[in-house]
Structure formats: structure tokens, C-alpha cells
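Commentary on secondary and tertiary structure
Here is what each chain is made of, one letter per residue.
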Amino acid sequence: METHFSLLDGIILALYFATMMGMGFLFRRGSTSVAGFTAANNALPGWLCGLSILATYVSSISFLALPGKAYASNWNSFVFSLSLPIATWIGVKWFLPFYRNSGFVSAYSHLEKRFGTWARIYASSSYLIIQLTRMAVISYLMALPLNVLLGWNIQSVILLTTIFTTIYALVGGITAVIWADALQTVILVLGALFCLGIMIYGIPGGMAQLWEISQAHGKFSLGSFGWSLAEPTFWVMLLFGLTINLQNFGIDQNYIQRYHVSRSDKDARQSLWLGGLMYIPLSAVFFFIGTALFAYYTARPEDLAEAYQSAGKADSVFPYFIVTALPSGVTGLLIAAIFSAAMSTISTSLNSSATIILNDFYRRFAKSRCGEREEMLVLRLATLAWAILALSIAWAMSTRMGSALDAAWILAGIFNGGMLGLFLFGFLSSRTNISRGAVIGVMSGITVIFWTTLSSRWTLWPEFLRSPFHDFLTVVLGTLTTLIVGMTATLLIEKFFNKSTANDIQDS
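Residues numbered from 1 in each chain as written. Predicted model: local features only at pLDDT ≥ 70, side-chain atom pairs only at ≥ 80, totals over all residues. Heavy atoms only, no water.

Our focus in this paragraph is the pattern of salt bridges. Two side chains with opposite charge may pair up if their charged atoms get near one another. Under the definition given, this model contains 11 salt bridges. Notably, a salt bridge pairs Arg258 with Asp181, separated by 3.3 Å at the nearest N-O pair. Of this pair, Arg258 sits in helix α12 (residues 253-261) while Asp181 sits in helix α9 (residues 154-202), and the two are 77 residues apart along the sequence. With respect to burial, Arg258 and Asp181 carry one shared label: buried. When salt bridges with common partners are traced through the structure, they connect Glu112, Arg120, Asp360 and Arg364 into a single cluster. (Salt bridge = Lys/Arg side-chain N within 4 Å of Asp/Glu carboxyl O. Helix = DSSP H or I, 4+ residues; strand = E, 2+ residues; numbered from the N terminus. Buried < 20%, exposed > 50% of the residue type's maximum accessible area, 1.4 Å probe, protein only.)

Have a look at this one:
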């Protein structure tokens, strides 16, 4: 396989990493306090935070997987993006002002006020596990195609990415992370559009042939509009997208923290609308790249190596195109875009995880009153520790221990699945004594998620007890179960338990 990674590409990639490093030291002065490190002293403009929210949506998984999905099948997964206007409106209308007025940088502090200490520990612990696993998976999936296509050592790529990302996140805090996110978003968009243009130009018949081939193979289909709950229909994907996006805007620290860094309520609203709505056309570009790739290699089958013609290699076709078909310089830009998609996610997760460790664990359980210097030390040590842990897990994946990571990812998803239902329960309920009902709701939600997740994967599970629902509905069912059972249990406890207690007191 002939590749076109030249000296110019190497220079462009080196300049990219140098720029990311420079971001950290450029904003070092403003990140020497806890408020600066975690919330940028509430001083950033809305457009900048919006680009950062957009970058939070786009990871190396999105950059490589979305074109892979469109190449292998159709635009069914794009329906996820179509739910964003509804989720963004709900976020702007209710979630954003709620968090802005609360004054809590941590997304989970208010859960303790509503439900008790257990809720805060459950939510923050689940979040930390999810972020740790997410960073490792994204690092590994980013390094894998670069290993296959360019022969770069997977562990070395993971190490390089982790070192550079950790340095600018550690030195520059959330301000460096957000400015880096903005720059990385620009690189992503320019690289993707440039790549798409070259792809269309390379099809002998241009856009007309692209459209003809795509239509003949149903590539623009959004999926079935039937009512089956066992298939990824349009409606199933829409419900899944709405739930995940509400989870992002409602309980994900990555997003909640960006509500606080904006300099005003107006800027915060602007950032959420900008980040949420811009992902729709950007994801459409990624899906269109996958469709264009299919048309490109259908029209020019001799250009696609036999090793990449199987359905299982769909995610690698876009990187294959980058390193074999693009001119010198553009290849370096697109590989920088792959790195930037991973680094923006990792840096965001590092900063938000450190914020959670300080606020939800150190201040809450170790030392409630401590000085600025001590808190900054905790933040930096937490950032470094989480980077090392993520690096270790990613390395474990690269040495054929991925099955253990898959199990950890599934278990993290099971326990994380009740978080949105718990938040909505506390948000929607006007009652004060709801902790016991919330416990019952969360346990019920986790049980449902456990059942739907494992019954479809564990071959020893009895056939008649298997979930009839598609995997995309798992988080939807878990959220609804937590909310509905929690509210019902609270009503029953008030009606029977409190009544019985009152009668016992009266009798005595």
C-alpha cells in the first residue's frame, strides 16, 4: 500500500502539537486559581464556549465512525443529530439557568441537597468511571488506524497524545482546554471539507455520479419509519438521541462546566445553541464523507486495497483514503484532525474529572476548608493521575485486553444509566422527602439496564427472558424506569409509610 505521508505532512503535524503545547503556557497565568482552572473566572465569550461544546461532541470515534457507518450502511445514525434542536431548547430553557443560578461548578452537588450523600457519590463515581473508560477507548481507536495505515506503534501514539494533552490541560486549565477545542474544531471542519472536495473531484462523474450511485444503494436512507422496537428505526434512533443529548446537557460535567465559564447568561445561552445546532451540519458532513467514499471506491474499485473491502473494515476506509489519496500537506492536516478530535475529548475529560474529584470527594470527605494552594495541588494531581490511569487502560487494550475493557464499558453504562432519570426526578418533583423513592427508582433503572444489556449478550441467558428491545433503547428505558418508579415509590411511601408512622405516634 502506497502512502503519501511526506516531510511536509510531518512538519504540519509537529506544528499542530507545538501549538497545542503553546495553548497551555499561553493561558497559564489565568489558571493559577481554582476559579480560573475550573471555570475560567466566568469570563469567556459565548461563541468560544459554543465551539468548545461542539468539540466535546466530536471525538475520534465520531471522526472515524460516522463516515464508516455511512460507508457501510446509510444515514440512519444521523437521526441522532436531528434530536438536538429539541434537546438544546430544553437545555437552554431549564437546565442552563438551573445550573447558572445554583453556583455549583460540579454537576452533582445539587443531587446531595435533593436526595442525600449517596446520590452525589453515585453520580460522581459513575461519571469518573465513564470518563476514564472513554479517554482510554478514544485514545486506542485514534491510534489503531494510524498503526494499520502508517505503521506507527500504537502505544507510542497513545503516549504522545496523552503527554501533549495532559501538559496543556494541566498548565492552562479550562481556558486552555476551551481555546484548544475551538482551534481543533476549525481544523476538523476545514480538513473534512477539503477532504470531501477532493473526494468528489476524484469521482469520474462528479456529484452526478455520486448521487446516482448513492441513490441506487439507498445510502441516504434515514432508516425504517416502522414501529418496531427491536430495530434501529427512525423513531428508536430519535428517542435514543433525545435521551443521550438530554443526558449531555443535564448531567454531564463536560457540558455543565461550560455553562459556568461563560461571562453572562446571554453568552451561556448562545454557546449552547451554537454548539448544539452546529453539530447537525458537521455530522452531516461526516456522513456525506462516508457516502462519497462509497461512491468514490465504487467508481474506482481498483484504488481500494483488497484488505479494506470487507464490511468489518468500514471504519478504516476514511483513514485509508487520507493516507493514500490526498496530496502532500493535506494528509498531515487530516491526521492532525484525527489527533485533534481525540485530544479535545481527552483534555475536556481530564479537566472535568479533576473538578469532580476536588469538589465531590476532596472538599466533601477529606477537607472541607483548605487553602487555594492545596486545592490547586489536588486539581493538578488529579489531572495527572487520571491521565496515567487512562493511558494504562488504553495500553491494556493495545495488548489484546480489549475484552476486559468492553466489560468495564458495559458495567459503567449500567450504573451510569440511572443518572438522567435521577436528575429529572429531582428537577421535576416539588416534594422534599424523596430520597427513599429515589433509591428505589435508581435501583429499578439499573436493573432494567442490566437486563436489556446483558440478556442480549450472554448466551446462557434463557431465551424467554431476553430483552425484545434494541440496544439503543437501553438508556431510554433505564431513564424512564428511574423517573417513573422513583415518583411512584415516593407517592406510596408518603401515603402508607408516613400515615402508618403518624398513627403509631398518635396511638402512643
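With that out of the way, let us pick up unusual backbone geometry. Backbone geometry at Ala40 places phi at a positive 55°, although glycine is not the residue there. Relative to the helices and strands, Ala40 is located in the loop between α2 (34-39) and α3 (46-57). Given a relative accessible area of 5%, Ala40 falls into the buried group. Located in the positive-phi region is Asn41, a residue other than glycine, with phi close to 55°.

With that settled, the discussion passes to the nonpolar core. Counting residues in hydrophobic clusters, the biggest one holds 155 residues, and the most contacted among them are Phe63 and Phe339. It is α9 that provides the largest number of residues to this core, a total of 19 residues. Here Phe339 is in contact with Leu13, Tyr16, Phe17, Met142, Leu146, Trp152, Val157 and Thr161, once residues within four sequence places are set aside. (Core = buried A, V, L, I, M, F, W, Y, C linked by side-chain atoms within 4.5 Å. Contact = heavy atoms within 4.5 Å.)

What follows deals with helix α14 (residues 314-325). In this model, α14 (12 residues) spans 17 Å end to end at C-alpha, consistent with the 16 Å of a helix rising 1.5 Å per residue. Where burial is concerned, most of α14 is hidden: 10 out of the 12 residues are buried. Along α14, the residues that are buried comprise Ala314, Ser316, Val317, Phe318, Pro319, Tyr320, Phe321, Ile322, Val323 and Thr324. (Expected span 1.5 Å × (residues − 1).)

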